Amino acid sequence: MHMDKKYNRQLKKWIAVFCAVALLLSGCFITGDATAQAAQKPTLNKKKLTLVKGKSYRLKVKHAGGAKCTWSSSKKSVASVNRNGRITAKKKGTAKITVKVRRTGKKAYRKKLSCTVKVIKKRKKVEQTTPAGTISVP
């Protein structure tokens, strides 16, 4: 009789320890998976961009993870984009740069991201001559 009580107590302890470890491990896997998926959503480093005519800027896709990126411009005469995401400002106006991010395989996804690009003309400096000297006004 005495041995049965001792055996039952130890059995209950081991079951409690096993359940606690199982709960901890299952919680770690669920939390780790959710944060990994949230961190892997692709995004652009800019949503809006203003460029001076003749200048360029490279847009970057964050968290692409080896996905294929296809770039395009809504108005190539205003702003063009190459296959690496380099935007070149051509003339005054507004264009929408779009990148299609596509990943195949086990964690496949498709995502369409965009950035609005405003191209402005370079401001000319105006110089005024006064009795005190020459003043440059941007």
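Scoring rules and cut-offs
- Every chain begins its residue count from 1, and numbering advances along the sequence as written.
- Owing to the predicted nature of the model, reporting of local features is limited to residues with pLDDT of at least 70; listing and counting of side-chain atom pairs is limited to 80 or more, with chain, interface and lining totals taken over all residues.
- Side-chain measures were taken over the full set of non-hydrogen atoms in the model, leaving aside hydrogen atoms and water.
- Labels follow the DSSP assignment, with helices taken as runs of H or I lasting at least four residues and strands as runs of E lasting at least two, numbered in each case from the N terminus.
- Only protein chains enter the accessibility calculation, which uses a 1.4 Å probe; a residue whose area is less than 20% of its type maximum is buried, one above 50% is exposed, and one in between is partly exposed.
- By definition in these notes, contact holds between two residues if any of their heavy atoms fall within 4.5 Å.
- Accessible surface is estimated by sampling points in the Shrake-Rupley manner with a 1.4 Å probe; for residues, cover comes only from the protein chains shown.
- In plain words, nonpolar cores are sets of buried Ala, Val, Leu, Ile, Met, Phe, Trp, Tyr and Cys residues tied together by side-chain atoms within 4.5 Å.
- Paired strands, in this sense, are two strands between which DSSP finds at least two bridges.
- Only the stretch in contact is used when a helix axis is fitted, and all axes are lines through C-alpha atoms; the angle between N-to-C directions ranges over 0 to 180 degrees.
- Patch definition: residues with relative accessible area over 30% and no salt bridge; like charges joined within 9 Å; nonpolar side chains (Val, Leu, Ile, Met, Phe, Trp, Tyr) joined within 5 Å.
- For salt bridges, the criterion is a side-chain nitrogen of Lys or Arg within 4 Å of an Asp or Glu carboxyl oxygen.
- Counted charges follow a simple rule, with Lys and Arg positive, Asp and Glu negative, and His plus the chain ends left uncounted.
- Where a charge lies is defined by one atom per residue type: Lys uses NZ, Arg uses CZ, Asp uses CG and Glu uses CD.

Quick look at the overall build of the protein now. A tally of regular secondary structure across the protein gives 1 helix and 11 strands. Moving toward the C terminus, one meets the helices and strands of the protein in the order α-β-β-β-β-β-β-β-β-β-β-β. For the protein, with 138 residues in total, the buried portion stands at 19%. For the protein, the share of sequence-separated contacts (at least 6 apart) that also reach a separation of at least 24 residues comes to 49%. Summed over all atoms, the accessible surface of the protein reaches about 11300 Å², with 56% contributed by carbon and sulfur.

Okay, the nonpolar core next. Core analysis: the largest hydrophobic core is formed by 21 residues, its most contacted members being Leu 44, Val 61, Trp 71, Ile 87 and Val 117. The set of elements that each furnish at least two residues to this core consists of β2 (48-52), β6 (79-81), β7 (86-89), β8 (93-103) and β9 (109-120). Discounting residues that sit within four places of it in the chain, Leu 44 has contacts with Leu 59, Lys 60, Val 61, Trp 71, Val 99, Leu 113, Ser 114 and Cys 115.

Time to look at the sheet that holds β2. An order of β2-β9-β8-β5 is seen for the 4 strands of this open sheet, with the pairing classed as mixed. Strand pairing shows two members of the sheet lacking a second neighbour, β2 and β5 (68-73), which therefore form its edges. The average angle at which neighbouring strand axes cross in this sheet is 25°, direction not considered.

Right, let's talk about the pairing of β8 for a bit. As paired strands, β5 and β8 are joined by 6 bridges and run antiparallel to one another. The residue of β8 that forms the bridge with Ser 72 is Thr 98. As paired elements, β8 and β9 share 11 bridges and run antiparallel to each other. Each bridged residue has a counterpart across the sheet, and for Thr 98 the counterpart in β9 is Ser 114. Hairpin remark: β8 followed by β9, antiparallel, with 5 residues in the connecting loop; positive phi at Gly 105, about 105°.

Take a positive patch on the surface next. On the surface, Lys 5, Lys 6, Arg 9 and Lys 13 cluster together into a patch of positive charge. Residue placement: Arg 9 occurs in helix α1 (residues 2-39).

Quick look at the sheet that holds strand β3 (residues 56-58) now. Strand pairing in a sheet is mediated by backbone hydrogen bonds. Such pairs are either parallel or antiparallel. If you trace the 3 strands from one edge of the open sheet to the other, you get β3-β7-β6, paired in antiparallel fashion. If you trace the sheet from one side to the other, it starts and ends with β3 and β6, each paired once. Each neighbouring strand pair of the sheet contributes to a mean axis angle of 20°, computed without reference to strand direction. Across 3 bridges, β3 lies against β7 in antiparallel orientation. In the sheet register, Ser 56 faces β7, and the bridge partner there is Thr 88.

By the element assignment, Thr 98 lies in strand β8. If we skip the residues at most four places from it in the chain, Thr 98 touches Thr 70, Trp 71, Ser 72, Lys 112, Leu 113 and Ser 114.

Take a nonpolar patch on the surface next. Judged by side-chain polarity, Trp 14, Val 17, Val 21 and Leu 25 come together as a nonpolar surface patch covering roughly 420 Å² of accessible area. Taking relative accessible area as the criterion, Leu 25 reaches 46% and is therefore assigned partly exposed.

Negative phi characterises most residues that are not glycine, and trans characterises most peptide bonds. One non-glycine residue, His 63, lies in positive phi territory at about 60°. Following the sequence through the fold, His 63 ends up in the loop between β4 (61-62) and β5.

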